[in-house]
Amino acid sequence: MELGLDAASAAPAEPYESTERVIAERRAQGLFADMSFTLAHPEVSCHPERLFAGARSVVSAALSYYLPGPEPGAGEGRLARHAWRDHYAELRLKLAAFGERIGGTYRVLVDANEHVDREAAVRAGVGFFGKNGLVIAPRLGSWIVLGTLVSDVAIEPGEPLGRDCGACRLCIEACPTGAIVQEGVLDARRCLSYWTQARTALPEPARQRMGASVYGCDICQQVCPWNRGAEKRRGKLALGAAEPLVSLEDWLTADDRELVARYQRLYFPRRDPRYLRRNALVALASTGTSEHEPLLVRYAGGTDELLAEHARWALNRLRESTARR
Ligand code: B12
Ligand code: SF4
Ligand code: SF4
């Protein structure tokens, strides 16, 4: 707590056997689409005890990130809340400081491909699995990012919380694409968060439901009753350097290298800005005005077929909605 972590607890560095099995099963069912991350090598990501010789403890830590934010206006796109600032970088620094304090050998893993962060958090009792798949922590809700420190120091373990969602199903009902296919099971092929980070053209159902979102999706957290407390507590905090909204015109006209450098904190395939631009084109169909038509026309006639096709789609939608108004 002295280091500014909002929750932390430990578990023994032991294999995550059930998660390893679940990853293999869901992968075989296609539920992870084409993602690799922790999912490509569960023999690594579910084995903290193999990360280095002598690994004994896993410390899971959470940073609460909820801030109140404005709704997008004309020509604006929305970022998911966890991406308003680089919370992962902050968590890495805090966990490294923790590692220095307790001594011994350690590795810090935050959103890394080599470790499944949610499983450590549940084992250590930082939170429990919600039906939306997110880890929910008492007081903090699910508006948290998670990170892990693996250490050769023996640390007194916490205990799983033994809590669950009860009869609630709000997130399952609220998901606009039906991506929560069973309690706690996500089908990435339907999840808007996945599509905003995908390396292909966006399918029609995702385009229609993305609205102003250009990165991630928060709907299954917005409806969660466990988040009301944290929202109330943090609801008066100032935005500071947080960036909830972006100018879509800026995303579509900025210099490639400058745009990539500015958005180090976002994941997009191969660090290729075309994927940010693809999302911006789709968002313009929702928040664009007739002033944005020339920009869409320019993209629609461009040589990059991925962007040209999304621009044509957005242009049609924008013209339809302008005609209706
Ligand atoms: C790949 C990935 C994704 C994929 C999802 C793939 C998936 N199904 O997990 C995509 C791109 C879609 C994604 C989206 C998001 N992600 Co993400 N993602 C990851 C990543 C890199 C790996 C996750 C992983 O390994 N999953 C493996 C699967 C098997 O785990 P699982 O889905 O949790 O499955 C467990 C449950 O199903 C549970 N279970 C089994 N049976 C049952 C039954 C019941 C009833 C219940 C309740 C549970 C349950 O056991 C399973 C195994 O442990 C982690 C970072 C990391 N290195 O760990 C971040 C991470 C999970 N993501 C995070 C965030 C913030 C998000 C988003 C909120 C971002 C956004 N706003 O758009 C969304 C949330 C979408 C959602 N509803 O989950 C945070 C989650 C924080 C939290 N509070 O839980 C993480 C931990 C990043 C971080 N370091 O903070 N993500
Ligand atoms: S992130 Fe959005 S699309 Fe994905 S499961 Fe949650 S509500 Fe559904
Ligand atoms: S909305 Fe309801 S079912 Fe979904 S995670 Fe929150 S408490 Fe659980």
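Residues numbered from 1 in each chain as written. Chains lettered and ligands numbered in written order. Predicted model: local features only at pLDDT ≥ 70, side-chain atom pairs only at ≥ 80, totals over all residues.

1. A look at the overall build of the chain
Reasoning step 1: Regarding its fold elements, the chain presents 14 helices and 11 strands.
Reasoning step 2: Expected size for 325 residues packed as a compact globule is a radius of gyration near 20 Å; at 21 Å, the chain falls within 12% of this value.
Reasoning step 3: Considered along the principal axes of its C-alpha atoms, the chain spans approximately 65 × 45 × 45 Å.
Reasoning step 4: For the chain, the residues scored as buried account for 42% of the 325 residues in total.
Reasoning step 5: Residue pairs at least 24 apart in sequence account for 78% of intrachain contacts in the chain once pairs closer than 6 positions are excluded. (Helix = DSSP H or I, 4+ residues; strand = E, 2+ residues; numbered from the N terminus. Rg over C-alpha atoms; globule rule 2.2 N^0.38 Å. Buried ≥ 20, exposed ≤ 12 C-beta atoms within 10 Å, placed from the backbone. Contact = placed C-beta atoms within 7 Å.)

2. Here we look at the pairing of strand β2 (residues 57-64)
Reasoning step 1: Among the eight residues of β2, seven are classified as buried, and the element is accordingly described as predominantly covered.
Reasoning step 2: Relative to β2, strand β1 (residues 7-12) runs antiparallel, the two being bridged by six bridges. If you follow Ser 9 over to β2, its bridge partner there is Ser 60.
Reasoning step 3: Relative to strand β7 (residues 144-151), β2 runs antiparallel, the two sharing eight bridges. If you follow Leu 63 over to β7, its bridge partner there is Val 145. (Pairing = 2+ DSSP bridges.)

3. Here's the deal with the site of ligand 1
Reasoning step 1: Surrounding ligand 1, one finds 44 residues, the nearest of these being Thr 38, Ala 80, Gly 184, Ser 193 and Gly 216.
Reasoning step 2: If you list the elements that add at least two residues to the shell around ligand 1, you get α1 (17-28), α4 (117-124), β7, β9 (185-186) and α6 (192-196).
Reasoning step 3: Among the residues forming the shell around ligand 1, the class breakdown is 23 nonpolar, 13 polar and eight charged.
Reasoning step 4: No fewer than three residues from each of domain 1 (7-65 + 85-151) and domain 2 (170-324) sit in the shell around ligand 1. (Near = placed C-beta within 6 Å. Nonpolar A, V, L, I, M, F, W, Y, C, P; charged D, E, K, R; others polar. Domains from an automatic or database assignment.)

4. A look at the packing of helix α13 (residues 293-300) against helix α14 (residues 305-324)
Reasoning step 1: Between α13 and α14, whose axes approach to 7 Å, the crossing angle comes to 145°. Helix-helix and strand crossings are classified by hand; for α13 and α14 the assignment is left-handed. Facing Glu 293, Leu 296, Val 297, Tyr 299 and Ala 300 of α13, the residues of α14 in contact are Leu 307, Ala 308, Ala 311, Arg 312, Ala 314, Leu 315 and Leu 318.
Reasoning step 2: A class-by-class count of the residues in the contact of α13 with α14 yields 10 nonpolar, no polar and two charged. (Axes fitted to C-alpha atoms, helices over the stretch in contact; angles between N-to-C directions. Left-handed = near helix turned anticlockwise from the far one by under 90°.)

5. Some details on the nonpolar core
Reasoning step 1: Ala 62, Ile 144, Ala 280, Leu 284 and Ala 314 are the most contacted members of the largest nonpolar core, which totals 87 residues.
Reasoning step 2: With eight residues, the top contributor of residues to this core is helix α12 (residues 274-287).
Reasoning step 3: Taken together, domain 1 (7-65 + 85-151) and domain 2 (170-324) each give at least three residues to this core, which thus spans both.
Reasoning step 4: Contact partners of Ala 62, with chain neighbours within four places excluded, come to Asp 6, Ala 7, Ala 121, Val 126, Ala 137, Leu 140, Ile 144 and Leu 146. (Core = buried A, V, L, I, M, F, W, Y, C linked by C-beta atoms within 7 Å.)

6. Here we look at the site of ligand 3
Reasoning step 1: Residues in contact with ligand 3, as listed here, are Gly 130, Lys 131, Asn 132, Cys 165, Cys 168, Arg 169, Leu 170, Cys 171, Val 223, Cys 224, Pro 225 and Trp 226.
Reasoning step 2: Residues that form the shell around ligand 3 fall into these classes: eight nonpolar, two polar and two charged.
Reasoning step 3: Viewed by domain, the shell around ligand 3 spans two of them, domain 1 (7-65 + 85-151) and domain 2 (170-324), each represented by three or more residues.

7. A word on the packing of α12 against α14
Reasoning step 1: Axis separation between α12 and α14 bottoms out at 7 Å; the angle between their running directions is 10°. When the axis of α12 is compared with that of α14, the two are roughly parallel. Between α12, through Arg 274, Arg 277, Arg 278, Leu 281, Val 282, Leu 284 and Ala 285, and α14, the contact on the second element is made entirely by Leu 306, Leu 307, His 310, Ala 311, Ala 314, Arg 317 and Leu 318.
Reasoning step 2: Considering only residue class, the contact of α12 with α14 consists of nine nonpolar, one polar and four charged. (Parallel < 35°, antiparallel > 145°, perpendicular 65-115°, else oblique.)

8. Some details on the domain arrangement of the chain
Reasoning step 1: As assigned here, the chain comprises domain 1 (7-65 + 85-151) and domain 2 (170-324).
Reasoning step 2: Each of domain 1 and domain 2 has a C-alpha centre, and the two are 26 Å apart.
Reasoning step 3: Facing the 20 residues of domain 1 at the interface are 21 residues of domain 2.
Reasoning step 4: By residue class, the composition of the side of domain 1 that touches domain 2 is nine nonpolar, seven polar and four charged.

9. Comments concerning the sheet that holds strand β10 (residues 213-215)
Reasoning step 1: Here we have three strands laid out as an open sheet, ordered β10-β3-β11, and mixed in their pairing. Strands with a single pairing partner mark the edges of an open sheet, and in this sheet they are β10 and β11 (245-247). Between one strand axis and the next, the sheet turns through 45° on average, direction left out of account.
Reasoning step 2: For strand β3 (residues 76-79) and β11, the ladder comprises three bridges, and the chain directions are antiparallel. Its bridge partner being in β11, Gly 77 is matched across the sheet by Val 246.
Reasoning step 3: Sheet strands touched by α12: β3 and β10. Its angle to β10, the strand with the most contacts, is close to 165°.

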